[in-house]
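These are the residues of each chain, in order.
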Amino acid sequence: MIRSITQQKTEEEIERLLSGSIRVFIIGCGTCTTLTHTGGEPEVTAMKEKLSGKGKMITGHVVVPVACDNLTGEILDEFGGQIEQTDTLLIMSCAFGVQTIARQLHKMVVPALDTLFIGKETGLGQYNEICTQCGTCIIGETGGICPVTSCHKGLLNGPCGGTNNGKCEIDKDKDCVWTLIYNRLNELGQLDLMRTLHKPRNFLGEPRPGKLIIQNI
Amino acid sequence: MASSFKKALESGKFIVTCEVAPPKGTNLDKTRHHIELLKDKVDAMNLTDHQSSVMRYPSLGGALLVKEMGGEPILQMTCRDRNRMALQADLLFAASRDINNILCLTGDSVMLGDHKEAKGVFDLDSSQLVAAIRIMEKGKDLGGNDLDGGVSFCTGAIVTPEADPLEPQLIKFEKKIEAGAEFIQTQAVYDLEKLKSFMDYAKQFPVKILAGIILLTSAPMARFMNKNIAGVNVPKSLVDEMASAPKGRAMEKGIEIAGRMIRQINEEKICDGVHIMAIGKEEVVPDIMAKAGIA
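Given the structure is predicted, the values throughout are model-derived calculations rather than measurements.

**Here's the deal with the overall build of chain B**
Turning to step 1, where the next piece is worked out: From N to C terminus, chain B includes 11 helices and eight strands.
Turning to step 2, where the next piece is worked out: What you see for chain B is a C-alpha radius of gyration of 18 Å, in line with the 19 Å of a compact globule of 295 residues.
Turning to step 3, where the next piece is worked out: On the principal axes, the C-alpha backbone points of chain B span a range of 60 × 45 × 40 Å.
Turning to step 4, where the next piece is worked out: Residues classed as buried in chain B amount to 50% of the 295 residues present.
Turning to step 5, where the next piece is worked out: For chain B, the share of sequence-separated contacts (at least 6 apart) that also reach a separation of at least 24 residues comes to 77%.

**Regarding the interface of chain A and chain B**
Note: interface size is frequently given as the accessible area lost on complex formation between the parts.
Turning to step 1, where the next piece is worked out: Contact with chain A, which involves 24 residues of that partner, is made by 32 residues of chain B.
Turning to step 2, where the next piece is worked out: For the side of chain A that touches chain B, the secondary-structure elements that each account for two or more residues are helix H8 (177-187) and helix H9 (192-195) of chain A.
Turning to step 3, where the next piece is worked out: Per-element tally for the side of chain A that touches chain B: the top contributor is H8(A), with three residues.

**Here we look at the environment of Cys134(A)**
Residues and elements named next belong to chain A.
Turning to step 1, where the next piece is worked out: Its place among the elements puts Cys 134 in the loop between strand E7 (126-129) and helix H7 (147-150).
Turning to step 2, where the next piece is worked out: By the C-beta count within 10 Å, which is 16 here, Cys 134 ends up partly exposed.
Turning to step 3, where the next piece is worked out: Between the C-alpha atoms of Cys 134 and Thr 149, which are 15 residues apart in sequence, the distance is 8.6 Å.
Turning to step 4, where the next piece is worked out: Those residues in contact with Cys 134, other than ones at most four positions away along the chain, are Val 148 and Gly 205.

**A short note on the pairing of strand E4 (residues 88-92) of chain A**
All names here are of chain A.
Turning to step 1, where the next piece is worked out: With five of five residues buried, E4 is to be regarded as a mostly interior element.
Turning to step 2, where the next piece is worked out: Here E4 shows a buried face lined by Thr 88, Leu 90 and Met 92 and a second buried face lined by Leu 89 and Ile 91.
Turning to step 3, where the next piece is worked out: As judged from the five bridges shared by strand E2 (residues 23-29) and E4, these two strands associate in the parallel manner. Following the sheet pairing, Phe 25 is matched in E4 by Leu 89.
Turning to step 4, where the next piece is worked out: When E4 meets strand E5 (residues 108-111), the two strands line up parallel, connected through four bridges. Within E5, the position partnered with Leu 89 by the bridge is Val 109.
Turning to step 5, where the next piece is worked out: The β-α-β motif built from E4, the intervening helix H6 (residues 95-104) and the parallel element E5 has right-handed crossover chirality.

About the thresholds
- Residues numbered from 1 in each chain as written.
- Chains lettered and ligands numbered in written order.
- Predicted model: local features only at pLDDT ≥ 70, side-chain atom pairs only at ≥ 80, totals over all residues.
- Helix = DSSP H or I, 4+ residues; strand = E, 2+ residues; numbered from the N terminus.
- Rg over C-alpha atoms; globule rule 2.2 N^0.38 Å.
- Buried ≥ 20, exposed ≤ 12 C-beta atoms within 10 Å, placed from the backbone.
- Contact = placed C-beta atoms within 7 Å.
- Pairing = 2+ DSSP bridges.
- Right-handed = clockwise from strand over helix to strand, strands pointing away.

Now the structure itself:
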């Protein structure tokens, strides 16, 4: 299952974003940020203690089941009084959850986390980006491995000159996806697909902001 | 009109190109000095494009300077900083100023340079840039529109003969040739046996190959490249030879090694020429050529 992968902002940045706020209500998320240990119960509790120590008044805190779900607004209704007295909501969900809450409650919101990518847990404490939702899927020609997402430069025609020992020039811990694609296509006897000179990418797939209207449903 | 570099490539003579790096700033004195020193000694000089993703005076400005000073420039163009519109515009400008040789590169990540937070573009890759040039030469831009006034370039690309793994790199190399590359300048090679085996494979393609020669300036510099530069392997024997140089004489040893390698490449006709990268020590390029017996 894909997840929104997040990382907590630095203490300094959270402090700066909350500098005009005295009364703060903290909201975590029981789904993605619980998985990544960035916005589950323990992290929300730790944030509450940290901010209390810095002189903030914590008017309440809660971990909602799925912050990005529209039901979040109804769940937060239970805390109506506390939220009413709050200057700012500090939200420990991904940016999708922050925006869902911002739409439903007329309060200033501050994200405590940066949303890094949409990805998958591939090992204990290890998360990998899988798809950037570019709108023009090409993985039918690359053995089901996405170079748009997994090549640092999004190259379509093979590796750059920076690859070394099958790793990426920006980080020895990151695989060169073109080595992976080569190995996969080689195993499948489909290397001719890699020999095809691909035209420049179509960046018009779905211009930002993405919006899709399906007729007749 | 064919560039003098293209004519040299077609002449069958042993080709020598070198590199000139534009400055960090507007003080062109050193660049001018290097151009003056080398313009009549080499067949063409490459103008690097924000080499290692370090922001500098543009390669296009450097190429124009070479032209003004009577030299033959090879304009390096990476895909890191410009989208397809900006690249085409710069190609039009180059053609209008008689800058007729282009080396197409993907470009290093911005994360390796001095503007780490900048946006890397990579709208095209190196093989697509080569293909774009060939489309423009047919009088069209990449949007399919007619160009008023054409372009004609001698177009090249690069390859890393010692990449690990090598096979994906060779597939890309073949695509660059399919896209229309006429010449290839290689990443630095130090093991001529490995260069020979690469050439045994590469000879089947209709492309001129210039072996990359990076001047070794010290043993620690050689070890640094082995550790940090993808596809560069300085054999232990050469590192030891550099280390054996008397104090203060390492550069001389590096010049001797580069000259010796070029001499062998030329005498044994291993490839069509060499591309000398002296990385800031351009003033010694004539010494290297003298040692190689091609001055």
